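# Close look at the chain arrangement
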Amino acid sequence: MAELALRGGTPVRPQGYPEWPAHDERDVEAVAAAVRGGRWGGFPEPGPLAGEFAARFAAYQGSRHGVVMSNGTVTMEVALKALGIGWGDEVIVPALTFAATPYAAMAAGALPVFCDVDPDTLTIDPARVEAAVTPRTRAVMPVHLGHQMADMDRLTEVARRHSLALVEDCAHAHGQRWRDRGAGCFGEFGSFSHQSSKTLTAGEGGSLLTDDEQLARRAHSLIDCGRPKDPDEKDHTFGSNYRLGELHAALLLVALERFPGQQAERAAAGRRFQELARGIPGVRLLPPDPRISRWSFYRYVLLVEPEAFAGAGNLAVCEALEAEGVGAWEGYPPMSRYDLFQPALSRLPVAVEHADRLDPAAMSFPVAERVGLRQGVYLDENVFRAGERGVTDAVEALAKVQRHAHELAAD
Ligand SMILES: Cc1ncc(COP(=O)(O)O)c(C=O)c1O
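Being a predicted model, the structure only gives us computed values, none of them experimental.

### Topic: the pattern of salt bridges
As enumerated under the stated definition, the model contains 33 salt bridges in all. For Glu 381, the salt bridge goes to Arg 266, with nearest N and O atoms at 3.0 Å. With a gap of 115 residues between them, Glu 381 in the loop between strand E14 (376–379) and helix H12 (387–403) and Arg 266 in helix H8 (residues 246–277) connect regions that are remote in the sequence. Here Glu 381 matches Arg 266 in class, with each residue buried. If you follow the salt bridges from partner to partner, you end up with Asp 24, Arg 26, Asp 27, Glu 257 and Arg 258 in one network.

Here it is, written out as structure tokens:
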């Protein structure tokens with residue numbers, strides 16, 4: 001008889017984990033108050049609730065200015081445009097991230113140049129960044145993936161040495177701190193997503209943080225159809241409408257109140273998980289970089305060794321974990337697998353000019369490819385919001401899937 005729930009066995013955790021987004025009457029009341037108040041939209045930009053959230057979230061991360069907008073993709077596009085980055089420029093991004101990061105560079109008109117990631121943190125490898133710099137490079141966009149942060153010591157140094165702008169993609173890193181400095185506060189801009197799965201969410205939304213008042217003004221203008229934001233400016237500039245509505249901002253304000261408690265709970269549970277899961281054969285944990293001084297993660301990413309799982313890769317392991325009641329996802333494919341970023345397959349005009357930089361034959365990212373296609377397992381955040389039992393069940397499910405991995409090969 002099969003043991004794995006995927007094959008008809010009894011699941012380790014049939015009751016599943018707490019729902020996300022977490023919500024209660026406070027959210028309902030906040031939205032109701034915004035509805036009754038009659039100020040629903042984001043114009044004039046920013047709306048009062050959007051402005052209040054932006055200021056509070058910027059202060060929480062440790063930045064001087066926050067600009068709230070409709071999602072965490074346009075945040076990055078706006079950041080690059082505010083920096084004057086566009087046609088003919090190159091922007092370095094990791095080969096393991098969500099498509100939004102390189103897409104944002106393309107939306108600004110620039111060419112994304114991919115670098116492989118570090119095998120211990122799965123974040124962009126600073127040595128490869130440095131090797132990828134050309135006279136056309138204008139910015140580097142590290143992504144703080146899963147439960148890690150990119151090496152901000154080395155990346156700030158590389159950016160300084162080559163006069164590159166630093167735009168952090170912090171979609172996974174609300175609340176994270178590196179040597180006691182908040183994610184998103186290291187370079188020109190920090191970008192955050194408030195999309196449904198993110199740990200600070202209103203369903204949709206994005207925040208851009210910066211210490212530079214002029215850049216903040218430009219960002220406000222870019223998301224508000226180019227309206228001038230500087231008292232000395234009279235004319236519109238080039239911009240679009242990426243404003244966030246007030247109902248979303250109302251939800252974000254409540255979410256921010258809840259956030260520190262959830263962060264602390266996840267961090268404690270994450271540490272416990274690492275203690276307990278350490279001995280499972282074929283499971284490689286990637287402890288958070290010791291320079292992360294407040295651990296505030298989105299999903300916990302571990303690696304499986306297919307040899308220890310009867311040849312099964314991350315996709316099959318995630319399906320088996322899901323069947324056991326533990327939310328798990330195989331993560332992003334490496335950027336070399338996206339047709340979009342290959343000139344022969346996409347119709348990127350810019351690629352013709354820089355074809356050598358996007359040549360599929362030259363695209364080899366061994367770490368991102370191995371992690372993305374074979375090894376990466378991203379455990380859902382709610383696994384770490386369900387007390388001691390939530391953690392022990394997840395560890396048991398992982399150990400069980402490994403013990404009975406031969407059943408996975410039965411397809
Ligand atoms: C790493 C990363 N960057 C950017 C984004 C884009 O955020 P959004 O969905 O708010 O546009 C996401 C998530 O969706 C993400 O995971």
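### Quick notes on the state of the cysteines
The tally for this structure, following the rule as stated, stands at 0 disulfides. The thiol of Cys 185 is not disulfide-bonded; the next cysteine sulfur, from Cys 170, is found 7.8 Å away.

### Quick notes on the packing of aromatic side chains
Here the structure, examined in full by the defined rule, presents 15 aromatic pairs. Plain terms: the ring middles of Phe 273 and Phe 384 are 5.7 Å apart, the flat faces sit at 90 degrees to each other, and that makes the pair edge-to-face. Taken together, the positions of Phe 273 in helix H8 and Phe 384 in the loop between E14 and H12 put the pair 111 residues apart, joining distant regions of the chain. When the ring of Trp 295 is compared with that of Phe 297, the centres are 4.8 Å apart and the planes differ by 45 degrees; the resulting orientation is tilted. Look at Phe 297 and you get buried, because its relative accessible area is 1%. For Arg 13, the ring lying beneath its charged end belongs to Tyr 17, and the centroid distance is 4.1 Å. Above the face of the Phe 186 ring, Arg 181 is positioned so that its terminal group lies 4.8 Å from the ring centre.

### Describing the sheet that holds strand E10 (residues 283–284)
Read from one edge to the other, the open sheet built from 4 strands follows the order E10-E12-E14-E13, with strand pairing classed as antiparallel. The open sheet is flanked by E10 and strand E13 (328–329), the only strands paired with a single partner. Note that E13 and E14 share 2 bridges and pair antiparallel. Considered in E14, the bridge of Ala 328 is made with Leu 379. Lying over the sheet, helix H9 (residues 314–324) contacts strand E12 (300–304), E13 and E14, oriented at roughly 25 degrees with respect to E14.

### A short note on helix H3 (residues 74–82)
Most of H3 sits inside the fold, with 8 of its 9 residues counted as buried. Along H3, the residues that are buried comprise Val 74, Thr 75, Met 76, Glu 77, Val 78, Ala 79, Leu 80 and Ala 82. Gly 84 sits one or two positions beyond H3 and adopts a positive phi of about 80 degrees.

### Quick look at the site of the ligand
Around the ligand sit 16 residues in total, of which Gly 72, Thr 73, Asp 169, Ser 193 and Lys 198 are the nearest. Between the ligand and the protein, one listed contact pairs an oxygen atom with a backbone N or O atom of Gly 72 at 2.7 Å. Take Ser 193: an N or O atom from its side chain is 2.7 Å from an oxygen atom of the ligand. Isolated, the ligand exposes 380 Å² of accessible area, and the fraction of that covered by the protein chains is 92%.

Definitions and limits used
Residues numbered from 1 in each chain as written. Predicted model: local features only at pLDDT ≥ 70, side-chain atom pairs only at ≥ 80, totals over all residues. Heavy atoms only, no water. Salt bridge = Lys/Arg side-chain N within 4 Å of Asp/Glu carboxyl O. Helix = DSSP H or I, 4+ residues; strand = E, 2+ residues; numbered from the N terminus. Buried < 20%, exposed > 50% of the residue type's maximum accessible area, 1.4 Å probe, protein only. Disulfide = S-S within 2.5 Å. Phe/Tyr/Trp six-rings, centres within 6.5 Å; stacked < 30°, edge-to-face > 60°. Lys NZ or Arg CZ within 6 Å of the ring centre and 35° of its normal. Pairing = 2+ DSSP bridges. Contact = heavy atoms within 4.5 Å. Axes fitted to C-alpha atoms, helices over the stretch in contact; angles between N-to-C directions. Near = heavy atom within 4 Å. Polar contact = N/O pair within 3.5 Å; in protein donor to acceptor, adjacent residues only side chain to side chain. Areas by Shrake-Rupley, 256 points an atom, 1.4 Å probe, with all protein chains shown as cover.

Everything listed here is a matter of geometry and, on its own, says nothing about what the molecule does.
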